[in-house]
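Now for the letters of each chain:
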Amino acid sequence: MSSILDEYEDSQSIRHPVQHSSRLSAANIGITHSGFVNVRLEEEKPIFNKQRIDFSPPEKINHFAVCNNQLCMSLGKDTLLRIDLAKPDQPNQIELGRKDDSRVHKLFLDPTGSHLVISLSTSECLYLNRNTQKVRSLSRWRGHLIESLGWNKLLGTETNTGPILVGTSQGIIFEAEISASEGSLFNTNPDQYFKQVHSLEEDGKPAPVCCMEVERGLESKVFIIATTRKRLFQFVGRVAEGSEQQGFSSIFSQNQELLPSFQEFPFNMGYSEITFYTSKLRSCPKAFAWMMGNGVLYGQLDYVRLDSLLSDVQVWDYTPDIDFSFNKPISIVLTQFHFLLLLPDRVKAICTLNGQVVYEDVFPDKFGTLKKMIKDPAGGLVWIYTEKAVFRYHIQREARDVWQMYMGMNKFDLAKEYCRDRPECMDMVLAKEAEHCFQNKRYLESAKCYALTQNYFEEIALKFIEAKQDEALKEFLLKKLNNLKQSEKTQITLLVTWLTELYLNRLGLLESDDGKHGVFQETRDEFRKFLSSSKHKECLYNNRTTIYDLLASHGNVDDMVYFSVIMKDYERVISHHCQHDDYSAALEVLSKHCDEKLFYKFSPVLMQHIPKKVVDAWIQMGSRLEPKKLIPALVNYSQMGSTQQIHETIRYMEFCVYQLTVTEEAIHNYLLSLYAKYKPESLLWYLEQAGTHASDIHYDLKYTLRLCAEHGFLQACVLVYKIMGLYEEAVDLALQVDVDLAKSCADLPEDDEELRKKLWLKIARHVVQEEKDVKKAMNCLSSCNLLKIEDILPFFPDFVTIDHFKEAICSSLEEYNQHIDELKQEMEEATESAKRIREDIQEMRNKYGVVESQEKCAACDFPLLNRPFYLFLCGHMFHYDCLFLEVSPHLSTYKQTKLGELQKKLAAATQASKSRHRPSPKEKEKEEGNDTASLGKGSAGVSREQIKSDIDDIIACECVYCGELMIKSIDKPFIDPQKLEEEKSSWL
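Everything numeric here is computed off the predicted structure, so don't read it as measured data.

A. Up close: the layout of surface pockets. Space inside the second largest pocket adds up to approximately 730 Å³. In terms of lining residues, the second largest pocket is bounded by 20 residues, among which Glu886, Pro889, His890, Pro973 and Phe974 are the most central. Elements represented by at least two residues in the lining of the second largest pocket include exactly α29 (880–887) and α33 (964–968). A per-element tally of the lining of the second largest pocket places α29 first, with three residues. Grouping the constituent residues of the lining of the second largest pocket by class yields 13 nonpolar, two polar and five charged.

Here is the structure:
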């Protein structure tokens with residue numbers, strides 16, 4: 001028995017259910033073509049899948065209850081079996097301990113699966129909590145045969161039921177409460193109270209309360225449904241907040257004055273049963289089904305209605321094979337779209353949407369008569385039992401075929417709701433909806449649906465064309481276009497072109513009808529929105545020529561301009577405005593989109609008609625325009641245009657030169673030519689502020705000189721000559737204008753005194769010979785210190801008396817005398833300096849230094865006299881080789897190279913000397929002594945001594961510690977970076 005639920009066998013092979021398929025083919029719904037092909041790799045599992053539990057009860061199963069995965073069954077007379085379906089291998093068997101002839105009448109299990117009420121045939125009741133093994137008697141309930149219980153879903157807990165309703169076989173409804181706690185010393189009963197609240201009747205007589213259900217709605221409303229054999233009662237009332245624990249008495253008292261609302265059916269089969277469907281656990285039921293004598297009453301539950309909780313009620317009549325004499329329905333269970341009816345030998349599933357029997361499962365006789373069918377709300381499983389066996393139904397994907405039923409009922413929204421994840425089914429629903437709308441002349445809705453299907457595009461399009469429904473065709477094409485992928489370029493091109501043609505046809509028809517101006521404007525706005533769609537921008541751009549042709553063929557100029565703007569084909573827009581003499585509009589487009597190429601192209605035309613606005617636009621564009629490319633437009637109209645055009649041309653050129661600081665020679669040359677022709681007063685000012693050095697000049701000097709000469713601007717020519725460095729020409733021309741101007745030119749060659757003198761002589765000659773002004777000539781002498789009186793005397797005529805030059809001649813003689821005195825003083829100073837130098841040289845010859853025997857080298861700290869050495873005036877002494885090593889790193893590359901060459905020459909000279917004369921030992925000692933004193937006066941001759949002298953000049957020119965080498969090396973590190981690591985390792 002330990003493997004009651006987890007070790008079961010699949011009984012599919014022994015059952016042969018009759019399952020009626022209600023699938024609809026494409027032909028059944030009038031769809032001729034679809035883009036989907038339904039290919040299933042394996043057979044789809046049935047909705048209702050039955051399994052037999054591998055369990056052989058030791059005794060007959062009398063009653064069965066299951067809720068919240070807690071299963072309870074009554075076996076034989078006195079045994080109760082409990083199983084937690086989460087732990088099926090741990091069943092719990094309890095003996096009721098009854099000695100009398102009582103048997104279990106019914107089992108009632110609350111929604112939490114914690115409280116079990118056992119109704120006995122002897123009108124007694126027992127209570128068993130899930131957490132205990134002890135069966136306790138409900139003494140207050142004694143004397144009543146319990147037929148139904150209405151559990152409190154809101155207040156019920158594992159230890160307390162809260163107020164509940166109890167229905168008896170005598171039609172009395174009691175309110176009670178059960179607690180699992182042991183209670184006090186004087187009250188050990190689990191039933192807290194048990195009081196009557198109402199009674200039900202049929203035909204004036206008490207009738208058994210077959211079923212009861214308690215539900216809570218919004219705003220503290222409470223709904224109670226109770227059924228008898230042929231009546232369904234509804235009790236509705238409000239419970240004040242915080243008073244839920246007080247029970248349901250107030251609900252029934254509110255209905256005492258009025259007869260309770262009920263529905264009655266004429267036929268009575270001795271009992272009835274009501275079941276509910278809840279979509280989510282612990283939520284309110286959404287639908288109900290009541291099995292009674294006349295059939296099954298089913299519908300929805302509406303908690304908002306005031307008059308009745310039941311809505312959309314329908315009655316399903318029993319089929320002819322259900323005969324109450326031997327084949328009476330036993331039990332009913334409601335699912336989302338079906339209710340299952342239990343008969344003595346079979347189970348039938350009826351669809352609540354169309355009332356058709358969609359499933360029928362016949363049980364073999366060997367299992368015995370079917371006794372009861374129960375649904376567990378927690379897991380959604382349906383349980384059926386006989387005296388010998390237990391079966392379980394799994395309900396899988398119950399909504400899989402619901403879409404077909406809704407589609408057959410023309411409830412397309414609901415049909416689409418239940419096939420969202422099945423595109424092939426969605427396609428069939430949409431096709432059926434589209435066909436339905438088309439037949440009912442709802443063409444626009446039909447077009448929207450057709451666009452979402454996979455039906456042949458050509459068939460649908462022809463369908464709307466034949467019906468002459470252009471608006472619907474347009475809607476269909478728009479939807480199809482929006483559903484296409486970007487990769488489907490051919491299809492997109494086709495649809496875009498077709499839609500453009502449809503829009504243009506429509507606009508043409510509406511434009512000719514004065515009464516439809518509003519519709520025309522709406523259609524135009526819609527068309528322009530279509531043209532400006534970013535999704536199809538690429539297609540429109542690639543096929544813009546075709547679109548232009550279509551717009552032109554319909555004569556739709558406004559929309560063609562609009563489309564040109566969208567395509568950024570501003571050239572076409574501007575050309576259109578220019579052709580219609582709307583130059584301001586053309587310039588506005590230019591200024592708005594700032595396309596430099598278009599400015600260059602259209603400026604000549606615009607400059608002819610609106611020069612001021614064009615120049616304003618150019619100035620606003622600033623450096624984005626290249627002024628050189630605008631010169632053709634300016635030159636053309638400055639030569640043949642009006643005064644305004646010339647003025648605007650000069651204004652823009654001045655903007656380029658002074659604001660943009662353009663350096664291009666063509667711009668400056670053109671501005672100069674404009675100044676020379678139309679604004680001469682600005683010419684000289686421009687040349688003066690442009691600079692006096694050729695490197696600063698941006699105009700062509702030769703061109704400017706020729707231009708100024710042609711127009712007779714001599715002063716400007718002088719300025720140009722000065723910049724070109726042609727001072728003689730400048731002075732010659734300046735003398736034609738003003739002597740002072742010539743004087744300013746004569747002083748310019750500051751580095752060339754000869755030229756300056758020549759220029760001043762020209763001025764003097766001009767003054768003397770042309771102006772015959774002696775006083776001015778004398779002023780020239782005072783203005784230039786290079787001129788003497790003797791330089792200008794030849795220019796004067798013979799008749800001029802000396803009185804005019806007396807002062808100049810005296811002044812010149814005084815200057816000569818002063819100059820002679822200065823030369824004498826300089827000679828005396830030079831003689832004295834030479835005398836002092838000779839004395840210093842004589843003194844240096846007699847200077848010496850004393851070296852003690854214990855003196856050491858300043859570099860290596862070894863005795864100095866061991867090797868050749870140097871002694872410096874500062875007192876530092878170095879060995880020759882030590883000084884060489886100290887000085888070499890600080891020498892320049894050139895000196896290092898020269899030092900190397902001198903060392904090689906010294907070695908070669910020494911070797912040659914030794915080969916010619918090998919001295920005796922005494923001579924050798926004498927030679928070594930001489931070498932020690934002064935780096936050797938060896939037998940190598942004058943050449944060897946000269947080489948040593950050159951080496952001394954390089955390495956011994958100054959003390960390495962006191963001279964410039966030490967100062968220059970102040971920024972060098974003490975340790976060579978390349979030898980840093982080596983130095984670090986030496987310290988370790």
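This is not the end of the story, as more comes after the structure.
B. Here's a closer look at the packing of aromatic side chains. One pass over the structure, following the stated rule, counts 33 aromatic pairs. Between Phe223 and Tyr303 the ring centres are 5.4 Å apart and the planes differ by 75°, which places this aromatic pair in the edge-to-face class. With a gap of 80 residues between them, Phe223 in strand β18 (residues 221–227) and Tyr303 in the loop between β23 (295–301) and β24 (310–317) connect regions that are remote in the sequence. Of the residues examined, Tyr303 reaches a relative accessible area of 18% and is grouped as buried.

C. Region of interest: the sheet that holds strand β14 (residues 191–199). Read across the open sheet, the four strands follow the order β11-β12-β13-β14; overall the sheet is antiparallel. Each end of this open sheet is capped by a strand with a single partner; those strands are β11 (146–150) and β14. Neighbour-to-neighbour, the strand axes of the sheet open up by a mean angle of 30°, direction not taken into account. Here β11 pairs with strand β12 (residues 164–168) via four bridges, running antiparallel. Residue pairing for β12: Ser148 is matched across the bridge by Gly167.

D. Focus on the state of the cysteines. Going through the model one piece at a time under the given rule, you end up with zero disulfides. You can see Cys211 has no disulfide; the closest cysteine sulfur is in Cys210, sitting 6.2 Å from it. With no disulfide of its own, Cys962 lies 3.7 Å from the sulfur of Cys874, the closest cysteine sulfur.

E. Quick peek at the packing of helix α14 (residues 583–593) against helix α16 (residues 611–621). Axis separation between α14 and α16 bottoms out at 11 Å; the angle between their running directions is 0°. Accordingly, the angle class assigned to the pair α14 and α16 is roughly parallel. Of the residues in α16, those touching α14 at Ser584, Leu587 and Ser591 are Lys613, Val614 and Ala617. Across the contact of α14 with α16, the residue classes break down as three nonpolar, two polar and one charged.

F. Geometry of helix α8 (residues 489–511). With 23 residues, α8 ought to run about 33 Å at 1.5 Å a step, and its terminal C-alpha atoms sit 33 Å apart, in line with that. Here α8 has its buried residues at Ile492, Leu495, Val496, Leu499, Thr500, Leu502, Tyr503, Leu504, Leu507 and Leu510. Its buried side turned inward, α8 meets α6 (457–466), α7 (470–483), α9 (517–531), α10 (537–542), α11 (544–553) and α12 (557–566).

G. The sheet that holds strand β20 (residues 261–264), seen in detail. Spatially, four strands are ordered β17-β18-β19-β20 in an open sheet, and the strand pairing comes out antiparallel. The open sheet is flanked by β17 (211–216) and β20, the only strands paired with a single partner. Averaged over all pairs of adjacent strands, the angle between strand axes in this sheet comes to 15°, irrespective of strand direction. Where β18 and strand β19 (residues 231–238) come together, seven bridges link them in antiparallel fashion. Each residue of the ladder has a partner; that of Lys221, found in β19, is Arg238.

H. Structural context of the nonpolar core. Ranked by size, the top nonpolar core spans 70 residues in total, and within it Ile574, Leu606, Trp618, Tyr652, Met653, Leu687 and Tyr699 carry the most contacts. With residues up to four places along the chain from it excluded, the contact list for Trp618 reads Phe599, Ser603, Met607, Leu625, Leu630, Leu634 and Tyr652. Ala447, Leu504, Phe563 and Ile566 belong to the second largest nonpolar core, which has 40 residues in total.

I. Just α11, in detail. By the burial criterion, the buried members of α11 are Ile547, Tyr548, Leu550 and Leu551. Around the axis of α11, the buried residues are gathered within 160° of arc, so they sit on the same side. What points out from α11, more than 90 degrees from its buried face, is the exposed set Thr545, Ala552 and Ser553. Elements in contact with the buried residues of α11: α8, α9, α10, α12 and α13 (570–579). Positive phi appears at Gly555, one or two residues downstream of α11, with a value of about 65°.

J. Molecular detail of the side chain of Asn152. Residue placement: Asn152 occurs in the loop between β11 and β12. Asn152 gets classed as buried once you look at its relative accessible area, which sits at 6%. Engagement of the side chain of Asn152 in a polar contact is seen with the backbone nitrogen of Leu155, the distance being 3.1 Å.

K. Broad picture of the packing of α6 against α7. The interhelical angle for the contact between α6 and α7, taken along N-to-C directions, is 155°, at an axis separation of 9 Å. Taken together, the axes of α6 and α7 are roughly antiparallel relative to one another. Contact with α6, carried on its side by Phe457, Ile460, Ala461, Phe464 and Ile465, involves Ala472, Leu473, Phe476, Leu477 and Lys480 of α7 and no other residues of that element. When its residues are assigned to classes, the contact of α6 with α7 shows nine nonpolar, no polar and one charged.

What counts, and where the lines are drawn
- Residues numbered from 1 in each chain as written.
- Predicted model: local features only at pLDDT ≥ 70, side-chain atom pairs only at ≥ 80, totals over all residues.
- Heavy atoms only, no water.
- 1 Å grid on protein atoms, 1.4 Å probe; cavity = no way out; pocket = protein on both sides within 12 Å on 5 of 7 lines; lining within 4 Å.
- Points joined across faces, edges and corners; volume = space filled by probe spheres on them.
- Helix = DSSP H or I, 4+ residues; strand = E, 2+ residues; numbered from the N terminus.
- Nonpolar A, V, L, I, M, F, W, Y, C, P; charged D, E, K, R; others polar.
- Phe/Tyr/Trp six-rings, centres within 6.5 Å; stacked < 30°, edge-to-face > 60°.
- Buried < 20%, exposed > 50% of the residue type's maximum accessible area, 1.4 Å probe, protein only.
- Pairing = 2+ DSSP bridges.
- Axes fitted to C-alpha atoms, helices over the stretch in contact; angles between N-to-C directions.
- Disulfide = S-S within 2.5 Å.
- Parallel < 35°, antiparallel > 145°, perpendicular 65-115°, else oblique.
- Contact = heavy atoms within 4.5 Å.
- Expected span 1.5 Å × (residues − 1).
- Core = buried A, V, L, I, M, F, W, Y, C linked by side-chain atoms within 4.5 Å.
- Arc of directions from axis to C-beta.
- Polar contact = N/O pair within 3.5 Å; in protein donor to acceptor, adjacent residues only side chain to side chain.

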